[in-house]
Amino acid sequence: MTDSHPDIRFGYPCQNETLSATTNRGIKLASIEDVERIRNKIGENLNDLKQMLLWNREMGIQLFRIGQHLIPFASHPSFPYEWAAYHRESMEQIGEIARETEQRLSMHPGQFINPGSPNDEVVERSLAELTYSATVLDLMNANNGVIVLHLGGAYGDKPSAMRRFIEVMRHESQINRYLALEVDERVWTAAEVTEVANELGVGAIIDNLHHRLNPGDLSLEDAIRLARPTWETRPKLHLSSQDPSKKAGAHHASILPEDWFELLGALNGEEADIMVEAKGKEKAVLPLL
DNA sequence: TGATGTCAAGCCGTG
DNA sequence: CACGGCTTGACATCA
């Protein structure tokens, strides 16, 4: 690495269009008792995950986000068998491939996961999904794995929502080992996310597009500088470009050079792990390598 | 096989 | 006040 090329690694989420591979096959809840069907789906997801990691190795891609549907309905009370025990061996094998090829694995629970919700049932379901995510990373021995999560709702009172989030998550050590909190595009700013991350001792993730739409009073460079110390290891960031034909926040198929250079400039030569969020998946990563 | 309506869940902002 | 959008499109059924 030269001074003009800081140590940057890239990755993409969940699917590979070149391989027609995905970790996100699922089932309908109505089929939850069809054990054979679920096991087949999971087998396909795990096999595709393995194929993508092997492909990534050839391409020099070192980050990969596992889709939440890897084990569909794993956190649902009706899931019909002990998935962790049953799929342990293949997940261990996948973890070994990731480790040997120095790929950092992550997961990203979606919009329904709100540990700061005032509704106890929402909190309970959220913790179940986060525990599932952490268990997947545990089984893969993903020591530098990351669970990416937004702070979620503000419920009209941000300070209270932050307090609830911190109180609920404070003792969740299995989850917090991997947890990182990401800026979102309309509610929680980089300053607020970093504050909660510091309270919990977890990472804060800056996303260039979210930050542009919801910057608070920080420049991108300041936001990245603020979030940097939350990471004991390499910081993770998200990079995407606006789809010009869609509403604000919608991901473009590829990364526009000006967005990449803006983020690169804001990094000030620091090392970083950058998850590329683009409709074009791995094809948007290749030009950046 | 291809088209199409549907899918566990929460929240916010818009029209 | 109902609905779209987020996210990761894929499932399930019916021509």
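It should be noted that the structure appears before, not after, this text.
What you see is a predicted model, and the numbers here were worked out from it, not measured in a lab.

Colleague: Please clarify how the nonpolar core should be interpreted in this entry.
Modeller: For soluble globular proteins, the rule of thumb is that nonpolar side chains tend to be buried together. Counting 80 residues, the largest nonpolar core has Leu70, Trp83, Leu181 and Ile274 as its most contacted members. With eight residues, the top contributor of residues to this core is helix α4 (residues 120-139). Contacts of Leu181, omitting those with residues within four sequence positions, involve Leu149, Leu151, Phe165, Val193, Val196, Ala197, Leu200, Val202, Gly203, Ala204 and Ile205. Counting five residues, the second-largest nonpolar core is a separate cluster that includes Val148, Ala180, Ile205 and Trp231.

Colleague: For this particular structure, what's the right way to read the packing of helix α9 (residues 220-227) against helix α10 (residues 257-267)?
Modeller: Each pair of packed helices can be described by the angle between their axes along with the distance between the axes. For the pair α9 and α10, the least separation of the axes is 8 Å and the interaxial angle reads 50°. Put simply, α9 runs oblique to α10. In terms of crossing hand, the pair formed by α9 and α10 is right-handed. Counting all contacts with α9, which are made through Leu220, Glu221 and Ile224, the residues of α10 involved are Glu262, Leu263, Ala266 and Leu267. Its residues assigned to classes, the contact of α9 with α10 shows five nonpolar, no polar and two charged.

Colleague: Hey, could you run me through the pairing of strand β5 (residues 104-107) in this one?
Modeller: In summary, the side chains of a regular strand alternate between the two faces of the sheet. What you see with β5 is no split at all: Arg104 and Ser106 on one side and Leu105 and Met107 on the other are buried throughout. Both strand β4 (residues 63-66) and β5 contribute to a ladder of four bridges, which runs parallel. Looking at β5, one finds that Ile66 is bridged to Met107.

Colleague: Before we go on, may I ask you to explain the protein's contact with DNA strand B in this structure?
Modeller: Taken together, 16 residues lie around DNA strand B, and Leu29, Gln111, Ser117, Ala154 and Tyr155 are the ones closest in. Sugar plus phosphate, as a fraction of atoms of DNA strand B within 4 Å of the protein: 50%. Within the side chain of Lys28, an N or O atom sits 3.3 Å from a base oxygen of DNA strand B. Here the residues of the surface near DNA strand B are counted per class, giving seven nonpolar, six polar and three charged.

Colleague: Teacher, can you tell me more about the packing of aromatic side chains here?
Modeller: The geometry of an aromatic ring pair comes down to the distance between the two centres and the angle between the two planes. Within the structure shown, the criterion is met by five aromatic pairs. A centroid spacing of 5.2 Å and a plane angle of 85° characterise the contact between Tyr12 and Phe64, whose relative ring orientation is edge-to-face. Of the two residues, Tyr12 sits in strand β1 (residues 8-13) while Phe64 sits in strand β4, which places them 52 residues apart along the sequence. Exposure remark for Phe64: the relative accessible area of 0% places this residue in the buried category. A centroid spacing of 4.9 Å and a plane angle of 50° characterise the contact between Phe79 and Tyr81, whose relative ring orientation is tilted. Classification of Phe79 by relative accessible area gives buried; the value is 11%. Residue class for Tyr81 comes out buried when judged on its relative accessible area of 13%. Counting every residue linked through ring pairs, the aromatic cluster contains Phe79, Tyr81 and Tyr86.

Colleague: What exactly am I supposed to notice about a nonpolar patch on the surface here?
Modeller: Together, Met59, Leu286 and Leu289 give the surface a local cluster of nonpolar side chains, amounting to about 250 Å² of exposed area. For Leu289, the location among the structural elements is in the segment after α11 (282-285).

Colleague: Please clarify how the sheet that holds β4 should be interpreted in this entry.
Modeller: Strand pairing in a sheet relies on backbone hydrogen bonds, with the paired strands running either antiparallel or parallel. Ordered in space as β1-β4-β5-β6-β7-β8-β9-β10, the eight strands form a closed barrel in which the pairing is parallel. Each adjacent strand pair in this sheet contributes to an overall mean axis angle of 30°, direction not counted. Contacts from α10 reach β1, β9 (236-239) and β10 (272-276), with the element oriented near 155° to β9.

Colleague: So what exactly am I meant to see when it comes to the packing of helix α1 (residues 35-59) against helix α3 (residues 88-100) here?
Modeller: Where α1 meets α3, the axes come as close as 10 Å, and the angle between the chain directions of the two elements is 10°. Taken together, α1 and α3 sit at an angle that is classed as roughly parallel. Between α1 and α3, the residues in contact are Leu46, Leu49, Lys50, Leu53 and Leu54 and Ser90, Met91, Gln93, Ile94, Ile97 and Ala98, respectively. For the contact of α1 with α3, the residue count by class is eight nonpolar, two polar and one charged.

Colleague: What is the right way to read the protein's contact with DNA strand C from this model?
Modeller: Around DNA strand C sit 21 residues, and of these Gln15, Lys28, Ser31, Arg37 and Arg65 come closest. A breakdown of the atoms of DNA strand C within 4 Å of the protein gives sugar and phosphate a share of 71%. Side-chain polar atom of Asn24 to a sugar or linking oxygen of DNA strand C: 3.1 Å apart, as the coordinates give it. Within the side chain of Lys279, a nitrogen or oxygen atom sits 3.2 Å from a phosphate oxygen of DNA strand C. Here the surface near DNA strand C is composed, by residue class, of two nonpolar, ten polar and nine charged.

Scoring rules and cut-offs
- Residues numbered from 1 in each chain as written.
- Chains lettered and ligands numbered in written order.
- Predicted model: local features only at pLDDT ≥ 70, side-chain atom pairs only at ≥ 80, totals over all residues.
- Heavy atoms only, no water.
- Core = buried A, V, L, I, M, F, W, Y, C linked by side-chain atoms within 4.5 Å.
- Buried < 20%, exposed > 50% of the residue type's maximum accessible area, 1.4 Å probe, protein only.
- Helix = DSSP H or I, 4+ residues; strand = E, 2+ residues; numbered from the N terminus.
- Contact = heavy atoms within 4.5 Å.
- Axes fitted to C-alpha atoms, helices over the stretch in contact; angles between N-to-C directions.
- Parallel < 35°, antiparallel > 145°, perpendicular 65-115°, else oblique.
- Left-handed = near helix turned anticlockwise from the far one by under 90°.
- Nonpolar A, V, L, I, M, F, W, Y, C, P; charged D, E, K, R; others polar.
- Pairing = 2+ DSSP bridges.
- Near = heavy atom within 4 Å.
- Polar contact = N/O pair within 3.5 Å; in protein donor to acceptor, adjacent residues only side chain to side chain.
- Phe/Tyr/Trp six-rings, centres within 6.5 Å; stacked < 30°, edge-to-face > 60°.
- Patch = residues over 30% accessible without salt bridge, like charges linked within 9 Å, V, L, I, M, F, W, Y side chains within 5 Å.
- Areas by Shrake-Rupley, 256 points an atom, 1.4 Å probe, with all protein chains shown as cover.
- Salt bridge = Lys/Arg side-chain N within 4 Å of Asp/Glu carboxyl O.

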